[in-house]
Amino acid sequence: MTDPKTKIAARIKEAREWKGLTQVHMAQQLKVARQTYLDLETGKTEPKVRLLSEISEITERPLTWFVYGDEGIEILESEYKEEMIDYYNFSAAYLTLLAILFCSNVLISPVLWRSTHVR
């Protein structure tokens, strides 16, 4: 089984190649020496979170992908789906409440409410 450091290094290289970028270009974008970048791709050194985040932005790959691989993308998709479900459930509940209030004549305009409750 491959250790996580080696997997991250391989994904850094894969992401760079997928974008069609050179190691020199990546090093320049990250403001590090070419050898420092090469050490990241070979697994000699592990990237700090800030650097991995920058690599993610440059290569347009999700940050979780570098750590978890395709499973990371599935995690993001799952979280997105859950957020959308929560949003739609909230929206549906809100619209239902508005319909109930409107149908029961409880919905009063703010101007009318203020004029009847001013002392």
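The coordinates are above.
Residues numbered from 1 in each chain as written. Predicted model: local features only at pLDDT ≥ 70, side-chain atom pairs only at ≥ 80, totals over all residues. Heavy atoms only, no water.

A. The arrangement of the overall build of the chain in detail. Within the chain one finds 7 helices and 0 strands. The order of helices and strands in the chain, counted from the N terminus, is α-α-α-α-α-α-α. Burial status across the chain gives 24% buried among its 119 residues. If you take every contact in the chain between residues at least 6 apart in sequence, the share linking residues at least 24 apart comes to 52%. For the chain, the accessible area works out to roughly 9000 Å², and carbon and sulfur atoms hold 59% of it. (Helix = DSSP H or I, 4+ residues; strand = E, 2+ residues; numbered from the N terminus. Buried < 20%, exposed > 50% of the residue type's maximum accessible area, 1.4 Å probe, protein only. Contact = heavy atoms within 4.5 Å. Areas by Shrake-Rupley, 256 points an atom, 1.4 Å probe, with all protein chains shown as cover.)

B. Fine view of the pattern of salt bridges. According to the stated counting rule, one finds 4 salt bridges in the structure shown. Residue Glu17 is joined to Arg16 by a salt bridge in which the shortest nitrogen-to-oxygen separation is 3.9 Å. Taking the relative accessible area as the measure of exposure, Glu17 reaches 47% and is therefore partly exposed. Note that Glu54 is salt-bridged to Arg50, the shortest N-O span being 2.4 Å. (Salt bridge = Lys/Arg side-chain N within 4 Å of Asp/Glu carboxyl O.)

C. Seen up close, the packing of helix H1 (residues 4–19) against helix H3 (residues 34–42). It is at 6 Å that the axes of H1 and H3 come closest, and there the two elements cross at 115°. Facing Ala9, Ala10, Ile12, Lys13 and Arg16 of H1, the residues of H3 in contact are Tyr37, Leu40, Glu41 and Thr42. When grouped by side-chain class, the residues that make up the contact of H1 with H3 number 5 nonpolar, 1 polar and 3 charged. (Axes fitted to C-alpha atoms, helices over the stretch in contact; angles between N-to-C directions. Nonpolar A, V, L, I, M, F, W, Y, C, P; charged D, E, K, R; others polar.)

D. Local environment of the packing of helix H2 (residues 23–30) against helix H4 (residues 49–59). Remark: H2 packs on H4, axes separated minimally by 10 Å, with the N-to-C direction vectors making an angle of 120°. Judged on the interaxial angle alone, H4 and H2 are oblique. The handedness of the crossing between H2 and H4 comes out as right-handed. Here Met26, Gln29 and Leu30 of H2 lie close against H4, whose contacting residues are Leu51, Glu54, Ile55, Ile58 and Thr59. Considering only residue class, the contact of H2 with H4 consists of 5 nonpolar, 2 polar and 1 charged. (Parallel < 35°, antiparallel > 145°, perpendicular 65-115°, else oblique. Left-handed = near helix turned anticlockwise from the far one by under 90°.)

E. Unusual backbone geometry, seen in detail. Here the phi dihedral of Lys31 falls at roughly 60°; this positive angle occurs in a residue that is not glycine. Inspection of the secondary structure puts Lys31 in the loop between H2 and H3. Phi at Glu60 is positive, roughly 60°, even though this residue is not glycine. Assignment of secondary structure puts Glu60 in the loop between H4 and helix H5 (63–68).

F. A look at H3. For H3, every residue scored as buried is listed here: Tyr37, Asp39, Leu40 and Glu41. Lining the buried residues of H3 we find H1, H2 and H4. Following H3 by one or two positions, Gly43 adopts a phi angle in the positive range, close to 85°.

On their own, these measurements won't tell you what the molecule is for.
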